[in-house]
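Summary of the model geometry
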Amino acid sequence: MFKSDRLLLHFELSPRCNAYCPGCPRYVNSSRVINPLLEQTNITLDQYMRWLPEQFIQQRVHRAMFCGNYGDPIANPEVVDIIKYTVCNLRDDAYIIVNTNGGLGSTRQWSQIGNALKNHDRHTVFFSIDGLEDTNHIYRREVLWHRVDENVRAYTATGAVGMWDYLVFDHNRHQ
């Protein structure tokens, strides 16, 4: 099989999010009003498994990315099971990327995600944290710092790979 036959997949696991980031297409004009055209349903594990049977993942998937243009993947109540299913069926040269603001989920969920991803150095969670305790909430509105801190610590305690994805603004440039 040629490398070009392998797919790079991006999944919007959930349209839900705890943040109200300015300019997010989830909201109308940077308000707290959810875009009325955005369907508020999560991808279920059953749907995901139907769309991506084990053999398909093994043969065709090079990268599975769980990121949100409209929501945070951790808002999906089945995110841990979806990640585990994907990990179990990926080839050794394939990998998973998760993008999150880090403020959702429990420390238990983050430990489970870390344990699922820790045995592959290319599986990575990118934590979009734009500053420290005194500045992250300016752009990531309503994201609670103590939750981010607890969740990142629970994930990294497993030994899984995590990266800090930091948007630089005037208000956080000094950090």
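Refer to the structure presented above.
Residues numbered from 1 in each chain as written. Predicted model: local features only at pLDDT ≥ 70, side-chain atom pairs only at ≥ 80, totals over all residues. Heavy atoms only, no water.

**Looking at the side chain of serine 128**
- Among the secondary structure elements, serine 128 is positioned in strand E4 (residues 124-128).
- Classification of serine 128 by relative accessible area gives buried; the value is 9%.
- A polar side-chain atom of serine 128 sits 3.4 Å from a polar atom in the side chain of aspartate 165.
- If sequence neighbours within four positions are ignored, serine 128 has contacts with Thr100, Asn101, Asn136, Arg140 and Asp165. (Helix = DSSP H or I, 4+ residues; strand = E, 2+ residues; numbered from the N terminus. Buried < 20%, exposed > 50% of the residue type's maximum accessible area, 1.4 Å probe, protein only. Polar contact = N/O pair within 3.5 Å; in protein donor to acceptor, adjacent residues only side chain to side chain. Contact = heavy atoms within 4.5 Å.)

**Let's talk about the packing of helix H4 (residues 107-117) against helix H6 (residues 145-156)**
- One can describe the packing of H4 onto H6 by two numbers: an axis separation of 7 Å at closest approach and a directional angle of 30°. If you check the angle between H4 and H6, you find them roughly parallel. The handedness of the crossing between H4 and H6 comes out as right-handed. Here Thr107, Trp110, Ser111, Ile113, Gly114 and Leu117 of H4 lie close against H6, whose contacting residues are Glu150, Asn151, Ala154 and Tyr155.
- Tallied by class, residues from the contact of H4 with H6 come to five nonpolar, four polar and one charged. (Axes fitted to C-alpha atoms, helices over the stretch in contact; angles between N-to-C directions. Parallel < 35°, antiparallel > 145°, perpendicular 65-115°, else oblique. Left-handed = near helix turned anticlockwise from the far one by under 90°. Nonpolar A, V, L, I, M, F, W, Y, C, P; charged D, E, K, R; others polar.)

**Focus: the pattern of salt bridges**
- Enumeration according to the criterion identifies six salt bridges in this entry.
- Close ionic contact of aspartate 170 with arginine 173 constitutes a salt bridge, the shortest N to O distance being 3.3 Å. Comparing aspartate 170 with arginine 173 shows no difference in burial state: the two are exposed.
- Look at the salt bridges and you will find they share partners, linking Arg6, Arg91 and Asp93 into a network. (Salt bridge = Lys/Arg side-chain N within 4 Å of Asp/Glu carboxyl O.)

**As for the sheet that holds strand E3 (residues 95-100)**
- Read from one edge to the other, the open sheet built from five strands follows the order E1-E2-E3-E4-E5, with strand pairing classed as parallel. Each of the sheet's edge strands pairs with one partner strand only, and the pair in question is strand E1 (7-11) and strand E5 (161-165). Taken over all neighbouring pairs, the strand axes of this sheet differ in orientation by 20° on average, direction set aside.
- Two strands pair when backbone bridges link them, and E3 and E4 are joined in this way by four bridges, in the parallel orientation. Along E4, the bridge assignment pairs valine 98 with valine 125.
- In this fold H6 packs onto E4 and E5, with an angle of close to 165° to the strand it touches most, E4. (Pairing = 2+ DSSP bridges.)

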